[in-house]
Amino acid sequence: MATERTLSIIKPDGVEKGIIGKIISRFETNGLKPIAIRLAHLSRREAEGFYAVHKARPFFNDLVTFMTSGPVVLMVLEGESAVARNREIMGATDPGKAAEGTIRKDFATDIEKNTVHGSDSPENAKIEVSYYFPEVQVHPYDWKRKT
């Protein structure tokens, strides 16, 4: 398996619930390491650009409004098969259909306030990571670092 990077976003509902640490812990205990992380309040323009692929969908405006309603935590996660692993840890988009023990099953309110976003493919992960993080803000995660 290959080491990959993926974008993860803790959405405004997750930040508001005060579960940032619980969510990051789920990723770390499942082999995904945060190699870039920051708190941000997305502008409408940023959210529209990020979700542009959904522009023609009926939920687009509601999604953008929700994603700009409060702060989010933007992260780059790294690990073996990070994209697939992240999606497994998050659970199905609809928390009612998500597997037990997944982030969305445990914390999400509904399909719109589903607590987390994760890249859906390695190709999209590269695009999404670069949308929020210039390469100079992404740092290797190395516990054996010599000082």
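You'll find the structure just up there.
Here is a short report on the structure shown in this document.

So, how was this worked out
Residues numbered from 1 in each chain as written. Predicted model: local features only at pLDDT ≥ 70, side-chain atom pairs only at ≥ 80, totals over all residues. Heavy atoms only, no water. Helix = DSSP H or I, 4+ residues; strand = E, 2+ residues; numbered from the N terminus. Rg over C-alpha atoms; globule rule 2.2 N^0.38 Å. Buried < 20%, exposed > 50% of the residue type's maximum accessible area, 1.4 Å probe, protein only. Areas by Shrake-Rupley, 256 points an atom, 1.4 Å probe, with all protein chains shown as cover. Lys, Arg positive; Asp, Glu negative; His and termini not counted. Charge placed at Lys NZ, Arg CZ, Asp CG, Glu CD. Arc of directions from axis to C-beta. Contact = heavy atoms within 4.5 Å. Phe/Tyr/Trp six-rings, centres within 6.5 Å; stacked < 30°, edge-to-face > 60°. Lys NZ or Arg CZ within 6 Å of the ring centre and 35° of its normal. Pairing = 2+ DSSP bridges. Axes fitted to C-alpha atoms, helices over the stretch in contact; angles between N-to-C directions. Core = buried A, V, L, I, M, F, W, Y, C linked by side-chain atoms within 4.5 Å.

Describing the overall build of the protein chain
The secondary structure content of the protein chain amounts to seven helices and four strands. For the protein chain, the C-alpha radius of gyration of 15 Å lies close to 15 Å, the compact-globule estimate for 147 residues. Projected onto the principal axes, the alpha-carbon positions of the protein chain cover approximately 50 × 35 × 30 Å. Looking at the protein chain as a whole, 44% of its 147 residues are labelled buried. Looking at the protein chain as shown, the accessible area adds up to about 8400 Å², and 53% of this sits on carbon and sulfur atoms. On the protein chain, the mean spot of the 21 positive side-chain charges and the mean spot of the 20 negative ones are 2 Å from each other.

Details of helix 4 (residues 60–67)
Among all positions in helix 4, only F60, L63, V64, F66 and M67 are buried. Buried positions in helix 4, seen along its axis, are confined to an arc of 160° and lie on one side of it.

Quick look at the side chain of T6
Turning to its location among the elements, T6 is positioned in strand 1 (residues 3–10). With residues up to four places along the chain from it excluded, the contact list for T6 reads M75, V76, L77, A82, V83, N86, S119, A125 and V129.

Some words on the environment of G31
Along the chain, the position of G31 falls in the loop between helix 2 (20–29) and strand 2 (33–40). For G31, a relative accessible area of 44% puts it in the partly exposed group. Separated by 48 residues in sequence, G31 and G79 place their C-alpha atoms 6.2 Å apart.

Structural notes on the environment of F60
Examined against the element boundaries, F60 turns out to sit in helix 4. Setting aside residues no more than four positions away along its own chain, F60 makes contact with E48, Y51, A52, H54 and K55.

Considerations on the packing of aromatic side chains
Counted by the stated rule, this structure contains four aromatic pairs. Judged by centre distance (4.9 Å) and plane angle (90°), the rings of F50 and Y51 are edge-to-face. Across this residue pair, the class does not change: F50 and Y51 are buried. By way of ring pairs, the aromatic residues F50, Y51, Y131 and Y132 are connected into one cluster. A cation over an aromatic ring shows up here: R38 above the ring of F133, its NZ or CZ 5.4 Å from the ring centre.

A look at the sheet that holds strand 4 (residues 116–118)
Overall, antiparallel pairing links the four strands, which are arranged 2-3-1-4 in an open sheet. The outermost strands of the open sheet, each flanked by one partner alone, are strand 2 and strand 4. Here the average twist between neighbouring strands, direction ignored, is 20°. Pairing between strand 1 and strand 4: three bridges, direction antiparallel. Considered in strand 4, the bridge of S8 is made with G118. Packed on one face of the sheet, helix 5 (residues 82–90) meets strand 1, strand 3 (72–80) and strand 4 and runs near 35° to strand 1.

Regarding the nonpolar core
Counting 20 residues, the largest nonpolar core has L7, I9, Y51, M67, L74, Y132 and F133 as its most contacted members. Those elements giving two or more residues to this core turn out to be strand 1, strand 2, helix 3 (44–50), helix 4, strand 3 and helix 7 (122–132). Per-element accounting of this core gives the leading share, five residues, to helix 4. Leaving out residues up to four positions away in the same chain, I9 has contacts with F50, Y51, M67, V72, V73, L74, T115, V116, H117 and Y132. I24, L32, A82 and M90 belong to the second largest nonpolar core, which has 16 residues in total.

Some details on the side chain of S8
Of note, S8 is situated in strand 1. Exposure remark for S8: the relative accessible area of 0% places this residue in the buried category. Setting aside its immediate chain neighbours within four residues, S8 contacts F27, V73, L74, M75, L77, N86 and H117.

Remember, this is a structural readout, not a statement about activity or role.
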